[in-house]
Amino acid sequence: MASSRRRHATPGRIGRVGRQAVPRPRVVMALLLLLGLVCMMLLDGYLRAEIGDDQRIRTGASADSVPSDVLEGGPILSFPGGTARTQSVPDKTIVLTFDDGPDPEWSGKVMDVLDENDVPGTFFLVGSMVSRYPDIVRRMVDEGNEVGVHTFTHVDLSYQSEARVKREIAQTQLALAGAAGITTTLFRAPYSSQTDAIDDYSWPVYERLGAMGYTSVFIDTDSEDWKRPGVSEIVEGATPEDGEGASVLFHDSGGDRSETLAALPKYIKKMKAKGYTFTTVSGAQQLDAAAGEDGAAADGAAEDGAVPPGLAQAGGAQGDPAQAAHREADTASLWEGRALIAAVKVAEWTVPGLATMLGVVGVAVLGRFGLMLVLARRHHRQRNRRRFSWGPEVTEPVSVIVPAYNEKECIAATLSSLAASTHPIEIVVVDDGSTDGTAEIAEALGLPNVRVIRQENAGKPAALNNGVRQARHDIVVMMDGDTVFEPDAVHQLVQPFADTGIGAVAGNAKVGNRSTMIGAWQHIEYVMGFNLDRRMYDLLRCMPTIPGAIGAFRRRAVLEVGGMSEDTLAEDTDITIALHRAGWRVVYAEHARAWTEAPASLGQLWRQRYRWSYGTMQALWKHRRSVTDRGPSGRFGRIGMPLVVLFQIVTPVFAPLIDVFTVYSMVFVDFQASLLAWLAVLAVQLFCAAYAFRLDREKYRYLLMMPLQQLAYRQLMYLVLIHSCVTAATGGRLRWQKLKRTGEVGTPHVGAS
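The structure displayed is predicted, hence computed values, not measured ones.

J.: I tried to follow the overall build of the protein chain on my own but got confused; where do I start?
T.: Counting its regular elements, the protein chain contains 24 helices and 20 strands. Here the protein chain holds 753 residues, and 56% of them are scored as buried. If you sum the accessible surface of the protein chain, you get close to 31100 Å²; carbon and sulfur atoms cover 55% of it.

J.: I would appreciate a short explanation of the pattern of salt bridges in the present structure.
T.: Side-chain pairs of opposite charge can arise where the charged atoms are in close proximity. Under the definition given, this model contains 28 salt bridges. Of the charged contacts, one joins K460 and D480 as a salt bridge, the two residues approaching to 2.6 Å between their closest N and O atoms. Of this pair, K460 sits in helix 15 (residues 460-470) while D480 is found in the loop between strand 16 (475-479) and strand 17 (483-485), placing the two residues 20 residues apart along the sequence. Judged by its relative accessible area of 15%, K460 is buried. In this structure, a network of salt bridges that share partners links the residues K510, R514, R535, E590, D696 and E698.

J.: Any chance you could explain the confidence of the model for the protein chain here in plain terms?
T.: Note: predicted coordinates in regions of low pLDDT should not be interpreted at a detailed level. A residue-level look at the protein chain finds 87% of positions with pLDDT of 70 or above and a mean pLDDT of 85. Of the regions scoring below 50 in pLDDT, residues 1-23 engages in 67 contacts with residues more than four places distant in sequence or in other chains.

J.: Explain the side chain of Q455 here, please?
T.: Mapped onto the secondary structure, Q455 falls in strand 15 (residues 450-455). Once you skip the residues sitting within four places of it in the chain, Q455 turns out to touch V430, D431, D432, G433, A462, A463 and N466.

J.: Help me understand the pairing of strand 10 (residues 246-251) in this model?
T.: Each regular strand shows side chains that alternate between the opposite faces of the sheet. Among the six residues in strand 10, six count as buried, and that is most of the element. A two-sided burial pattern is seen for strand 10, the buried positions comprising A246, V248 and F250 on one face and S247, L249 and H251 on the other. Bridging between strand 3 (residues 93-101) and strand 10 involves six bridges; their strand directions are parallel. Along strand 10, the bridge assignment pairs F98 with F250. Handedness of the β-α-β unit built from strand 9 (residues 221-222), helix 9 (residues 231-238) and strand 10 comes out right-handed.

J.: Can you help me understand a negative patch on the surface in this one?
T.: Taken together, the side chains of D91, E241, D242 and E244 make up a negatively charged region of the molecular surface. On the basis of relative accessibility, which here comes to 59%, the residue E241 falls in the exposed class.

J.: Whenever I open this one, helix 4 (residues 107-116) confuses me. Can you help?
T.: In an α-helix, one full turn covers 3.6 residues, which means residues spaced three or four apart are oriented alike. The complete set of buried residues in helix 4 reads S107, G108, V110, M111, V113 and L114. For helix 4, the secondary structure elements touched by its buried residues are strand 3, strand 4 (122-125), helix 6 (134-142) and helix 10 (258-273). Positive phi shows up at D118, right after helix 4, with a value of about 55 degrees.

J.: Could you clarify how one ought to interpret the nonpolar core in this entry?
T.: For soluble globular proteins, the rule of thumb is that nonpolar side chains tend to be buried together. Of all hydrophobic cores here, the largest spans 63 residues; its most connected members are M478, M528, Y537, F553 and L579. Aside from chain neighbours lying at most four places away, what touches M478 is I401, L464, V468, G548, A549, I550, G551, F553, V558 and M564. L114, I169, V235 and V248 belong to the second-largest nonpolar core, a separate cluster that totals 60 residues.

J.: Is there a simple way to think about the sheet that holds strand 14 (residues 425-432) in this case?
T.: What links the strands of a sheet is backbone hydrogen bonding, and the strands pair in either a parallel or an antiparallel sense. In space, the eight strands of this open sheet follow the order 15-14-13-16-19-18-20-17, with mixed pairing throughout. If you trace the sheet from one side to the other, it starts and ends with strand 15 and strand 17, each paired once. Each strand of the sheet is rotated relative to its neighbour by a mean of 30 degrees, with strand direction disregarded. Inspection of the sheet shows strand 18 (residues 502-511) paired to strand 20 (residues 585-596) by eight bridges, in the parallel sense. By the bridge assignment for strand 20, A509 is matched with A594. In this fold helix 15 packs onto strand 13 (398-404), strand 14, strand 15 and strand 16, with an angle of close to 145 degrees to the strand it touches most, strand 14.

Rules and cut-offs
- Residues numbered from 1 in each chain as written.
- Predicted model: local features only at pLDDT ≥ 70, side-chain atom pairs only at ≥ 80, totals over all residues.
- Heavy atoms only, no water.
- Helix = DSSP H or I, 4+ residues; strand = E, 2+ residues; numbered from the N terminus.
- Buried < 20%, exposed > 50% of the residue type's maximum accessible area, 1.4 Å probe, protein only.
- Areas by Shrake-Rupley, 256 points an atom, 1.4 Å probe, with all protein chains shown as cover.
- Salt bridge = Lys/Arg side-chain N within 4 Å of Asp/Glu carboxyl O.
- pLDDT = per-residue confidence, 0-100.
- Contact = heavy atoms within 4.5 Å.
- Pairing = 2+ DSSP bridges.
- Right-handed = clockwise from strand over helix to strand, strands pointing away.
- Patch = residues over 30% accessible without salt bridge, like charges linked within 9 Å, V, L, I, M, F, W, Y side chains within 5 Å.
- Lys, Arg positive; Asp, Glu negative; His and termini not counted.
- Charge placed at Lys NZ, Arg CZ, Asp CG, Glu CD.
- Core = buried A, V, L, I, M, F, W, Y, C linked by side-chain atoms within 4.5 Å.
- Axes fitted to C-alpha atoms, helices over the stretch in contact; angles between N-to-C directions.

Here it is in structure tokens:
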């Protein structure tokens, strides 16, 4: 029983293979990582107003439903008992208000000016900015300033649904709770000005907020510093007339505020010289109440007991009267706010980091295309010159080893194609414990020079090693049991052995069942990805893999490195690297063509590529010391190994970022520009593919499938690789999987494409 299981259980260094496939929790972990990435991007986009952004600003609307005493009243609007009431700033009193912060560059400098002149300010804060810069908000509160809500994303609330309005307010309150441990009853709407600008669309918003316990704050004078009119104009515009009190508007964010910083100290000194005092909104309310001008409660809260969500009912007001609008955040709001700020901090680091990584990946991808095109062209011109020769023609017989495990659908076509070979060969069929009569079919064909060797099921490496031991010739060709050779394939494949320094040759594997969509996608991948890559690696003398479907070896070289190893699930990559390290050269024979049966379903394709990816990682890990070796081993370790890791693991793992960011940009940023960028990358890939098809003399019609391949097939391959990386990183186990064969790949015509 033990020996019968080894066919599906090859031990590896990264994770020894067991009878279980990758445990479900690892799949869940990969999905959670993907979900986390998407959430971070959405959060970052929301904070930067790329998601949910609404730049509409309402102007010129009628105000028929707005009470006249509100339109003509003071800048502080509340709704005690459900009735609208306005309050004015007392004479000779200034309430400095600042909108759109906090800003990492300007808010701190504004507070420095206020501190130097010993005056407080009231800052109306945008929630998204609060969550990004909580330390600034904490300083505002600690230094005695008052803060209010200016929505979370700075949208005109008159255009928003009731749910959106509540969300804008609640999210800002959570951000305040997380940043400074407080919430506030003060509110100022974006794009608002004086009370006479309230219209029929914004009035219901103020009524709803008033019912929730909020005090809406407007202005009396506008410095218009956002226009950057000059310091003197800012000071003049902010100055009230005839000693009247005023709620004055400045900005501490939203652009260059250097003129604001220059004007602010001059304005404060000017107003103090005129006998003005400075206070906060709450301070002005208390002064107004104390003067008996209005019967409003000193703290500005609604008399009917309405309290904004997240505000503590009891003991909420802070001790400083100038901060009477502040409430101590309840425990739930406090921790939810801290969680929001923590998530924002992660997003602030993650998304720019991913964007940087995206740039690196993009450069690597384009660099790879450029390198492949240059070297592939050079390889083609070099190998197809009339005078090019590896040396004297190789005509001696070779041994062809066919490992077979339950290949009844394919074995007849495979052996028939070999029988038509133009090169003298012996065929060694190693039946690896098949249970479907594969060996009997091979023997019944009665083909000359065919030997069938039976062994108990021991795995493909063991079958190949058995074949090498039984081979009678110095050159051995290895192939899969589902592959058919063109008549001159063996002859073309062995010609490089005229060079005594060459230890192995990679052939040109073609997808035979390319009539289906999945087959056509794999056909494009084989021609563009595998074969174009091999041309590049050949010239760089660091070929990482000889395809299992068609490869030739010096028998002596195979035995020298210990034969086909069972240490990995990618024995072809393993032995190729081992040959490099032993000092043998590995080359690519583009005219040696073989036709293989590619997976016909997505499930089979996933299992095959999963094993390939995982096995490649095992092989790279096994030979990791080649990076520090000297001689041929070090050459591969310092040239081939980094290229394989960069182009076959790192770049594909992070390449989905290109697609994720592209979709994100199309939906939330600039659809046209993002689409054009994606089409430009597709055009580059299409050009490379067309050139690869030209070199391989393939029909261009399959390239019509490439856009769809980029949208669907490529994503599947990325997921397979990511799945393999998760398995390797977590020590998962992976079993050998036998693909279901259909036998539809028959004996090819010469030069068929």
